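This is what each chain is made of:
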Amino acid sequence: MSTKSLFAQHALLPQGWTQQVRLHWDASGSLTQIESGVSAAATEQQVTWLLPGMSNLHSHAFQRAMAGMTEMAGDTQDSFWTWRDLMYRYALHISPEQSQAIAAQLYAECLRQGYTGVCEFHYLHRDPQGAMYARPAEMAQRLIAAARQTGIGITMLPVLYSYADFREQPLREDQRRFATRVDDILGLVQALEPERDAQTEVGVAPHSLRAASLTQIRELVKALPAQRPVHIHIAEQMKEVQACLAATGRRPVEYLLDSGLLDSRWCLVHATHMTPQEVSAVATSGAVAGICTSTEGNLGDGFFDLPEYLAAGGRFGIGSDSHVSQSPVEELRWLEYGQRLRLQGRNIASTATQKRVGDFLWQAALQGGAQASARPVGQLSVGYRADMLVLDETHPNLAGLASEHVLNSWLFAGNDNLVRDVYVGGRQVVQNGRHFDQDAISAAYTSCMQELRKL
């Protein structure tokens, strides 16, 4: 089996920054050997700063097309719920071809910023009239095609969406494209089985406790093959918490915890509003909290209880969700800054063993993102995917830096994109800041948006 290699003057290995590192990977894109303290050969490719790529653990790709289009005040107080109404109307018009064009643009942008994998929380299953496509997995396959077109890794999560609210309220007319039952989702998982490969995984996502009953969720998880990921929106807004209390007598996270279903397969997206008891129990369960700070800020969700969660040993990752940002740097920076604003302190995301905030945030999010993706990613180790970022050593922010300051400078100093090159499964997909298929992807997206903006 053929192999490839790359030499880095500094590489971020699990034990920290390591000098003079050569990495080898095979034709499948898995790392097969890592040598440190070695000398570079004159003929091999050499870089200065090399680190693992980040997993984006929460994405609704179609929402990239409406980013920036909802920032206008209405006649009443705007909220997540008024934004949601606009999103529903937009979703009714997107065709399979447009969905692929939008996703390809998004995924190329994510790659250029440092994401090398994405968890696609996909609920746009039906056609605009609400009928299933002749090929029920049509829309999901379009997104997988976009991932393969761009080279990003993908965890596809077909979404169970049966109800409009608690107490099994029927779906609204503008939710008709989302309608699914447990059998529909299991059928999609089966239909997508041939798509699974070294860069593609398939799990499931009950949309929320509003949109799927606990009975349905239990049935779905029981039927899902072992080790497949399960993602869910939960406790994002206080209105949801209050509705859950009214319907069940328990808060959303408490209600899910009491089901006994929660374990390390799960990713709880947002989990913004939790009690101290819920924070501790989620951390103990081994589930990942999926924090999406740019979207949570955009929609006015609130602040995740990060220091309390970390103190309890909780795992977290980051996602770009509605894609008002495609930058892991921005997600992590505002995760920390949100806590500073909430607590009126500094350097919140740190531990007794890792006091550098940038280092802690990047490495913790790598681990949580990998777990939520259910893919062997997130670290430069033998057996893991060769998903790697090369930072631009010529940028002034990195000039003359010692390795222990690189992540802090990258995350907290300035807004330039310092990602120069990106590899996914050992394949270079971004070189000198440009995606290899950027022109064709941008042209297709531009054409798509010209059509959608006529609506």
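Residues numbered from 1 in each chain as written. Predicted model: local features only at pLDDT ≥ 70, side-chain atom pairs only at ≥ 80, totals over all residues. Heavy atoms only, no water.

K.L.:
Any details on the packing of aromatic side chains? Residues and values, ideally.
P.N.:
Considering all chains together, one arrives at 12 aromatic pairs under this definition. A ring pair is formed by Trp 17 and Trp 49, whose centres lie 5.5 Å apart and whose planes are at 80 degrees; its orientation type is edge-to-face. Of this pair, Trp 17 sits in strand 2 (residues 16-26) while Trp 49 sits in strand 4 (residues 46-52), placing them 32 residues apart in sequence. The burial state of Trp 17 is the same as that of Trp 49; both residues are buried. In this structure an aromatic cluster arises from ring pairing among Phe 62, Tyr 88, Tyr 123, Tyr 161 and Phe 178. The positively charged end of Arg 340 is found above the aromatic ring belonging to Phe 412, 5.7 Å away from the centroid. (Phe/Tyr/Trp six-rings, centres within 6.5 Å; stacked < 30°, edge-to-face > 60°. Helix = DSSP H or I, 4+ residues; strand = E, 2+ residues; numbered from the N terminus. Buried < 20%, exposed > 50% of the residue type's maximum accessible area, 1.4 Å probe, protein only. Lys NZ or Arg CZ within 6 Å of the ring centre and 35° of its normal.)

K.L.:
Tell me about the nonpolar core, and name the residues and values.
P.N.:
Judged by nonpolar contacts, the single largest core of 92 residues is most densely connected at Leu 51, Tyr 107, Trp 266, Leu 268, Phe 316, Trp 362 and Trp 410. Membership of the second largest hydrophobic core comes to 35 residues, among which are Tyr 90, Leu 124, Tyr 133 and Val 159. (Core = buried A, V, L, I, M, F, W, Y, C linked by side-chain atoms within 4.5 Å.)

K.L.:
Which residues make up empty space enclosed by the protein, and what values go with them?
P.N.:
Empty space among the atoms becomes apparent when a probe as large as a water molecule is rolled across them. What the rule picks out here adds up to 4 cavities of 30 Å³ or more. In this structure, the largest cavity occupies an estimated 160 Å³ of space. As for the largest cavity, its lining consists of 19 residues, and the residues nearest its centre are Phe 80, Trp 83, Tyr 123, His 207 and His 233. Going through the elements one at a time, helix 1 (80-91) and helix 9 (293-299) are the ones with two or more residues in the lining of the largest cavity. The space that makes up the second largest cavity amounts to roughly 70 Å³. Along its surface, the second largest cavity is lined by His 60, Ala 61, Phe 62, Ser 99, Glu 120, Phe 121, His 122, Tyr 123, Leu 124, Met 139 and Leu 143. Going through the elements one at a time, strand 6 (115-122) and helix 3 (138-150) are the ones with two or more residues in the lining of the second largest cavity. (1 Å grid on protein atoms, 1.4 Å probe; cavity = no way out; pocket = protein on both sides within 12 Å on 5 of 7 lines; lining within 4 Å. Points joined across faces, edges and corners; volume = space filled by probe spheres on them.)

K.L.:
Got a sec to walk through helix 4 (residues 182-191)? Specific residues and values, please.
P.N.:
Taken residue by residue, helix 4 has Val 182, Ile 185, Leu 188 and Val 189 as its buried positions. Buried positions in helix 4, seen along its axis, are confined to an arc of 125 degrees and lie on one side of it. Set apart from the buried face of helix 4 by more than 90 degrees, the exposed residues are Asp 183 and Gln 190. If you follow the buried residues of helix 4, they end up packed against strand 7 (153-160), strand 8 (200-202) and helix 5 (214-223). (Arc of directions from axis to C-beta. Contact = heavy atoms within 4.5 Å.)

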